[in-house]
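# Summary of structural features
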Amino acid sequence: MALFDLGVINILTTILVAILSLYYFSVKTYNHWKILGVKYAKPVPFFGNTFLTTFRKKSPPVNQQELYNMFPDEKYVGMFMFRTPFLVVRDPQLVHCILSKDFVHFYDRGITIDERLDLLSSHLVNLRGQQWKSIRSKLTPAFSSGKLKSMCSQLDGCATVLSDYLEMKEESQDIREIMAKFATDVIGSCAFGLQFNSLRDPDSQFRKMGREVFKPTFRFLFKFIARTFHPSLPYYLNLKAFSQDVENFFLNFVRDAMHQRKENNIERKDFIQLLIELRKEESTGSNQGTKEKSVVLTEQVMASNAFVFFLAGFETTSSTMSFFLLEMAVNPSIQEAVRNEISKALEKHNGNLNYETIKDLPYMDMVISETMRKYPIATALLRECTQTYQVPQNSLVIEKGTKVLIPVFSLHRDPLYFPDPDQFDPERFSPENKSKIVQGTYLPFGDGPRICIGLRFAMMEMKFAFCKIMPKFEFTLSDRMVFPVEFKKGSPLLAPEDGIWLNVRRRDVETTKQ
């Protein structure tokens, strides 16, 4: 019995030591901001300032807003994601320095990747330093004015399919799901030269993959937690960012597309073709002699960039379009003003919807800009200090390796920069008011060298869709829609809790002609 008791005591002692060691490890960084003299939100052991968001009791933008409001007079405050310290920058001038002026000190997003584990991680969003610079310069030509103009017929075709789809549906619809299908079809046509048919085919494989990627899972959470213990721990625990099915789908898709084009001597002016041409340049030695640490365009790297192009192209754009139409439903006078501008632009260009037509829509630009202010899909920007940085006119030194968070959602809703921020007011972005916006307070696409590479394509895509559907349909709130919007808990991007439900009614033919 004594031996049994001793064994139990040893087990309990071991468990207690393990718990205390884990506790100490989780909290030993929590004096970081106190030592530096930076005000910070009190962290919860192990979870830091993410306890309620981790367990999906609070949405990330609400959590961010509470932290932002906690120290209204501070230029920056400290927080902790689990045990990792983050500097949250509230001052627009410092935001501009980090993203643009002093970019060389904050080159990277600070996202740790392991190509052995996550086969689709070697893409533009994640890459660091010269590797990022190399791939960015290679992919930029895909978004030139000439390339964008060449996509107009494809965008027009996808927008026509969207319009036809709305004709066939019931009045009350989840606009967010419909816009996601439309954006998926656009990426398929313009980037990959394929017809995904997401709107027409309820079993579309690409739409299925889109849902799978953005479905909140505890796998991603566990991966993030494991990484706080050691960057390589997710690899040994086999905690992948995305499922094996998603990885295999995109790896096989790119491999098959390359093989088909090579075998059949097919060339298209799309994103896949650009990747193929860049790979040819590498194989012929066109890039030899460059001093940069370039990215070798293996099939894995090509699939990774096709993957991120697909994700960024459909989720952020479709969500912005959905919030745009929601605000049109809430503000019928603005909806009518946008509709009238479309009619005048089409009339001016002889009924042709093309590149020149969409450039002739200044009020729509204002409404889209206000939509992205009120509903920034990426609620925060992440950076990592890559060179020790002395904050201008301040005693704080940001050490190399420090994580920085730019609270986009909170800056966009700060009444100091945008009075009455919950009010939807496109006039904030009129020519006379736009120049008054404080630099560093409006960041829907980010800013500086790492600004979204596809922002002009996204704007084109949205305008083509709105020009097709707004003259034909009227949008009003459905009884199923909760407004103001409740934001989804557990989502890394800004999303409504239960879709965006609108009534979509065909406008009277005579009214449409007026």
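How each quantity is defined
- Residues numbered from 1 in each chain as written.
- Predicted model: local features only at pLDDT ≥ 70, side-chain atom pairs only at ≥ 80, totals over all residues.
- Heavy atoms only, no water.
- UniProt positions renumbered as here; feature names shortened; annotations may be inferred.
- Helix = DSSP H or I, 4+ residues; strand = E, 2+ residues; numbered from the N terminus.
- Rg over C-alpha atoms; globule rule 2.2 N^0.38 Å.
- Buried < 20%, exposed > 50% of the residue type's maximum accessible area, 1.4 Å probe, protein only.
- Contact = heavy atoms within 4.5 Å.
- Areas by Shrake-Rupley, 256 points an atom, 1.4 Å probe, with all protein chains shown as cover.
- Lys, Arg positive; Asp, Glu negative; His and termini not counted.
- Charge placed at Lys NZ, Arg CZ, Asp CG, Glu CD.
- Pairing = 2+ DSSP bridges.
- Axes fitted to C-alpha atoms, helices over the stretch in contact; angles between N-to-C directions.
- Parallel < 35°, antiparallel > 145°, perpendicular 65-115°, else oblique.
- Left-handed = near helix turned anticlockwise from the far one by under 90°.
- Nonpolar A, V, L, I, M, F, W, Y, C, P; charged D, E, K, R; others polar.
- Salt bridge = Lys/Arg side-chain N within 4 Å of Asp/Glu carboxyl O.

Looking at an unreviewed UniProt entry, the protein chain carries the name Cytochrome P450, with the source organism given as Graphocephala atropunctata. Regarding the protein chain, the relevant UniProt record gives this comment under Cofactor (unreviewed entry): "heme".

Glancing now at the overall build of the protein chain. Counting its secondary structure elements, the protein chain contains 22 helices and nine strands. Rg of the C-alpha trace for the protein chain: 25 Å, near the compact-globule value of 24 Å for 514 residues, within the 12% margin. For the C-alpha atoms alone, the extent of the protein chain along its principal axes is close to 90 × 60 × 55 Å. Among the 514 residues that make up the protein chain, the fraction classed as buried is 52%. In the protein chain, 72% of the contacts between residues at least 6 apart in sequence involve partners at least 24 apart. Accessible surface, the protein chain as shown: approximately 24,400 Å² in total, 55% of it carbon and sulfur. Taken as two groups, the 65 positive and 58 negative side-chain charges of the protein chain have centres that lie 5 Å from each other.

It is worth spelling out the sheet that holds strand 1 (residues 76–81) at this point. One open sheet accounts for four strands, arranged 1-2-7-4; its pairing is mixed. Pairing within the sheet leaves two strands with one partner each, and these edge strands are strand 1 and strand 4 (381–384). Strand-to-strand twist across the sheet, computed as the mean angle between neighbouring axes with direction ignored, equals 30°. Alignment of strand 1 against strand 2 (residues 84–89), held across six bridges, turns out to be antiparallel. Within strand 2, the residue paired with Gly78 across the bridge is Leu87.

At their nearest, the axes of helix 9 (residues 175–192) and helix 10 (residues 205–214) sit 10 Å apart, and the two run at 120° to each other. One finds that helix 9 runs oblique with respect to helix 10. Two packed elements cross with a definite hand, and for helix 9 against helix 10 that hand is right-handed. Residue-level inspection shows Glu177, Ala180, Lys181 and Thr184 of helix 9 in contact with helix 10, the latter providing Phe206, Arg207 and Arg211. Tallied by class, the residues present in the contact of helix 9 with helix 10 amount to two nonpolar, one polar and four charged.

A complete count under the given rule lists 25 salt bridges for this structure. Of the charged contacts, one joins Glu384 and Arg128 as a salt bridge, the two residues approaching to 3.2 Å between their closest N and O atoms. One end of the pair, Glu384, is in strand 4; the other, Arg128, is in the loop between helix 5 (92–101) and helix 6 (129–139), and 256 residues separate them in sequence. Residue Arg128 is classed as partly exposed on the basis of its relative accessible area of 29%. Its salt-bridge partner being Arg261, residue Asp270 comes within 2.7 Å of it at the nearest N-O pair. The exposure class assigned to Asp270 is buried, which follows from its relative accessible area of 8%. For Arg261, a relative accessible area of 5% gives the class buried. Within the structure, one salt-bridge network assembled from shared partners comprises Asp108, Arg128, Glu384, Lys403 and Arg450.

What follows covers unusual backbone geometry. Of the consecutive residues Phe483 and Pro484, the connecting peptide bond is found in the cis state with omega at 0°. Residue placement: Pro484 occurs in the loop between strand 8 (473–477) and strand 9 (501–506). Its identity as a non-glycine residue notwithstanding, Arg56 has a phi of 55°, on the positive side. Its place among the elements puts Arg56 in the loop between helix 3 (51–54) and helix 4 (60–70). Here Arg56 falls in the partly exposed class, since its relative accessible area comes to 29%.

Taking strand neighbours across the sheet as the criterion, the three strands line up as 3-9-8 in an open arrangement whose pairing is antiparallel. Only two strands of the sheet have a single neighbouring strand rather than two, namely strand 3 (172–174) and strand 8. Taken pair by pair, the neighbouring strands of this sheet meet at an average axis angle of 40°, ignoring direction. In this structure, strand 8 lies alongside strand 9, joined through five bridges in antiparallel fashion. Counterpart to Glu474 in the pairing with strand 9 is Arg505. Across the sheet, helix 9 is in contact with strand 3, strand 8 and strand 9; its angle to strand 3 comes to roughly 55°.

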